[in-house]
Amino acid sequence: MSRHPSRPARLSRIASSLLLTLGGLLALSACSEGDDEAAAGAQPTPPTMEVVAAKAQPVAAWHTYTTRLESPQSVQLRPRVSGEIEEVLFTEGSQVSAGTPLVRLDQRPFKAEVDRLEAEVARVKAELANARSESGRAASLVKRNLISREEADSRSTSVSGLNAQLKAAIAQLERARLDLDYATVRAPIDGRLSNARITRGNTVQAGQSVLTTLVETRQLDAYIDISELTWNQDFADVSAEDHLPVELQLAGQQDFPFQGELDFIDNSVDIDTGTLRIGATFTAEDPALRPGAFARLRIASPEIRDAVLIPERAIGTDLDRQFVLVIGEDDTLAYRGITTGPRFGPLRAVTDGLAAGDRVLAAGPAKAGPGMPITPKLVEMSDDGALKALAERVARLTQHQKDQPSHDNDQDAAALAEADRQAAGGRT
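One structure accompanies this document, and this report is about it. Values in this document were obtained by computation on a predicted structure and should not be read as measured data.

1. Section: the overall build of the protein
Logical step 1: Check the secondary structure of the protein and you find 6 helices and 23 strands.
Logical step 2: For the protein, the residues scored as buried account for 33% of the 428 residues in total.
Logical step 3: Considering only intrachain contacts with a sequence separation of at least 6, the fraction spanning at least 24 residues in the protein is 76%.
Logical step 4: Entry remark: accessible area of the protein is about 26,000 Å², with carbon and sulfur atoms responsible for 50%.

2. Examining the pattern of salt bridges
Logical step 1: Throughout the structure, instances matching the rule amount to 17 salt bridges.
Logical step 2: Note that R108 and D106 form a salt bridge whose closest N and O atoms lie 3.0 Å from each other.
Logical step 3: Residue classification places R108 among the exposed positions, given a relative accessible area of 63%.
Logical step 4: In the salt-bridge network here, residues are joined through shared partners; they are E86, E87 and R104.

3. A word on the sheet that holds strand 14 (residues 258–265)
Logical step 1: Taken together, 6 strands build a closed barrel; the order of strands is 3-12-15-14-13-16 and the barrel is antiparallel. Each adjacent strand pair in this sheet contributes to an overall mean axis angle of 40 degrees, direction not counted.

4. Some remarks on the pairing of strand 5 (residues 83–88)
On any regular strand, side chains alternate: one points to one face of the sheet, the next to the other face.
Logical step 1: As judged from the 2 bridges shared by strand 5 and strand 10 (residues 203–204), these two strands associate in the antiparallel manner. Pairing of E84 across the sheet is with T203, part of strand 10.
Logical step 2: Strand direction decides the pairing type here: strand 5 and strand 7 (residues 101–105), joined by 3 bridges, are antiparallel. Of the residues in strand 7, the one forming a bridge with I85 is L105.

5. Structural notes on the side chain of R348
Logical step 1: Here R348 lies in strand 21 (residues 347–352).
Logical step 2: Among the residues examined, R348 registers a relative accessible area of 18% and is labelled buried.
Logical step 3: Among the polar contacts listed, one links the side chain of R348 to the backbone oxygen of G341, at a separation of 2.9 Å.
Logical step 4: Once you skip the residues sitting within four places of it in the chain, R348 turns out to touch V308, L309, I310, E312, I315, T340, G341, P342 and R343.

6. Notes on the sheet that holds strand 11 (residues 212–215)
Logical step 1: Taken together, the 4 strands give an open sheet; going across it, the order is 4-11-9-6, and neighbouring strands pair in antiparallel fashion. Strand pairing shows two members of the sheet lacking a second neighbour, strand 4 (74–77) and strand 6 (95–96), which therefore form its edges.
Logical step 2: Of the pairings in the sheet, the one linking strand 9 (residues 191–193) to strand 11 comprises 2 bridges and is antiparallel in character. Looking at strand 11, one finds that R192 is bridged to V215.

7. Quick word on unusual backbone geometry
Logical step 1: The backbone of H243 shows a phi angle near 50 degrees, a positive value even though the residue is not glycine.
Logical step 2: Overall, H243 belongs to the partly exposed group, its relative accessible area being 29%.
Logical step 3: The backbone phi angle of L319 is positive, close to 60 degrees, even though this residue is not glycine.
Logical step 4: Note that L319 resides in the loop between strand 18 (316–318) and strand 19 (321–327).
Logical step 5: Judged by its relative accessible area of 78%, L319 is exposed.

8. Regarding the packing of aromatic side chains
Logical step 1: Tallying each qualifying case throughout the model produces 3 aromatic pairs.
Logical step 2: Ring centres 5.8 Å apart and planes at 80 degrees place the aromatic pair Y223 and F264 in the edge-to-face group. Residue Y223 is located in strand 12 (residues 219–227), and its partner F264 is located in strand 14; the two are separated by 41 residues in the primary sequence.
Logical step 3: For the pair W231 and F235, a centre-to-centre distance of 5.4 Å together with 25 degrees between the ring planes defines the contact as stacked.
Logical step 4: The exposure class of W231 is buried, given its relative accessible area of 8%.
Logical step 5: Residue classification places F235 among the buried residues on the basis of a relative accessible area of 1%.
Logical step 6: Directly above the ring of F256 sits R298, whose terminal nitrogen or CZ lies 3.8 Å from the centroid.

9. A word on the nonpolar core
Logical step 1: By size, the foremost hydrophobic cluster in this structure holds 39 residues, and its most contacted members are L69, W231, L248, L250, I278, L289 and L309.
Logical step 2: With residues near it in sequence (within four places) discarded, L69 still touches L220, D221, A222, L248, L250, L289, R290, P291, G292, A293 and A295.
Logical step 3: The next biggest cluster of nonpolar side chains, apart from the first, holds 20 residues, and it includes V96, Y182, L193 and L211.

10. Notes on the side chain of T275
Logical step 1: Looking at where T275 falls in the secondary structure, it is placed in strand 15 (residues 275–283).
Logical step 2: Assessed through its relative accessible area of 16%, T275 is described here as buried.
Logical step 3: Among the polar contacts listed, one links the side chain of T275 to the side chain of T273, at a separation of 2.6 Å.

So, how was this worked out
- Residues numbered from 1 in each chain as written.
- Predicted model: local features only at pLDDT ≥ 70, side-chain atom pairs only at ≥ 80, totals over all residues.
- Heavy atoms only, no water.
- Helix = DSSP H or I, 4+ residues; strand = E, 2+ residues; numbered from the N terminus.
- Buried < 20%, exposed > 50% of the residue type's maximum accessible area, 1.4 Å probe, protein only.
- Contact = heavy atoms within 4.5 Å.
- Areas by Shrake-Rupley, 256 points an atom, 1.4 Å probe, with all protein chains shown as cover.
- Salt bridge = Lys/Arg side-chain N within 4 Å of Asp/Glu carboxyl O.
- Pairing = 2+ DSSP bridges.
- Axes fitted to C-alpha atoms, helices over the stretch in contact; angles between N-to-C directions.
- Polar contact = N/O pair within 3.5 Å; in protein donor to acceptor, adjacent residues only side chain to side chain.
- Phe/Tyr/Trp six-rings, centres within 6.5 Å; stacked < 30°, edge-to-face > 60°.
- Lys NZ or Arg CZ within 6 Å of the ring centre and 35° of its normal.
- Core = buried A, V, L, I, M, F, W, Y, C linked by side-chain atoms within 4.5 Å.

Structure follows, in structure tokens:
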């Protein structure tokens, strides 16, 4: 009997083994297809993104310019007479009033000249008195034919000549007294002094030597050149008499702490630059305000209008147009074209395309696009104090406009008062 199985038996076992393997593969395939169908049926969760609600607020267009402060009056103190400095009477850097003595020259030469001319005037007066007496006697003698007419005329002419000499001597004496007064250099205006350029013992020349400088510091002026396009758009109806508010910031400051007003508008536009020069005045109560200081000015358009504010970073640019992504009722992003206005810190005013309360993607279109579903997370608008500062500036501008007198109102009030007077029978 053979020890090895027969060939039909081996084939039967191989067939059974193949059937078992095929069944297992079919079962695994069925399980895999079920998992894929379950995964396909599940919806992905939309990403969570921050959104802000557009905020409506009154705004006024504020324009910022750079300039340097100027003193309305600045004087280089020069002596009006030549001489030697006897004493410097001021403290460097001090505040002085007009008329305060600052430098005194050696007065002895000027006093000597005054004394000489006083004596000269006295001499001429004595000669004139004698000549008048002689002329009077001559007039009496010529009537009695005791002297000639020529002699009488000569004595009369002598009186006229001495009169002229007296006037000249008096004029020279007045000039010498002025020179004596000019030997003491006084402050011509109120202001703050610089350092002494020339000190005691030095000789100075009239009208040439600079003793020190004096600038008025009670108020300071700042001038800027504004384009005529901007002026015509936002300030066309403004006059210097309106005293429009102006804010000032010095170098290194974060806010605009100094308040002034517009008080000068030039009478013509510069045809070379297309700009109009305007000026503002600031009361220099704070010692930080100094002539020559670098400053930034911010001036507001008098027109106050309502605008919608959103973060600047929420705005995207599509070629030549700006847009935002708004969140619809189904929490899907949608494209919205907008027209923007002035910027206020990190915020931008939108003049067209948005309404108050519209939800806008806070981060802008950098990581999202129209039609994309999101899970919105409403956050407060981060303004870094811009909204508060804007409200304060608009409030100041509004109050300023209320405080300005109205000529029309004055005329109406006068007309009403006259009507009341007439109704009362002409009695006041």
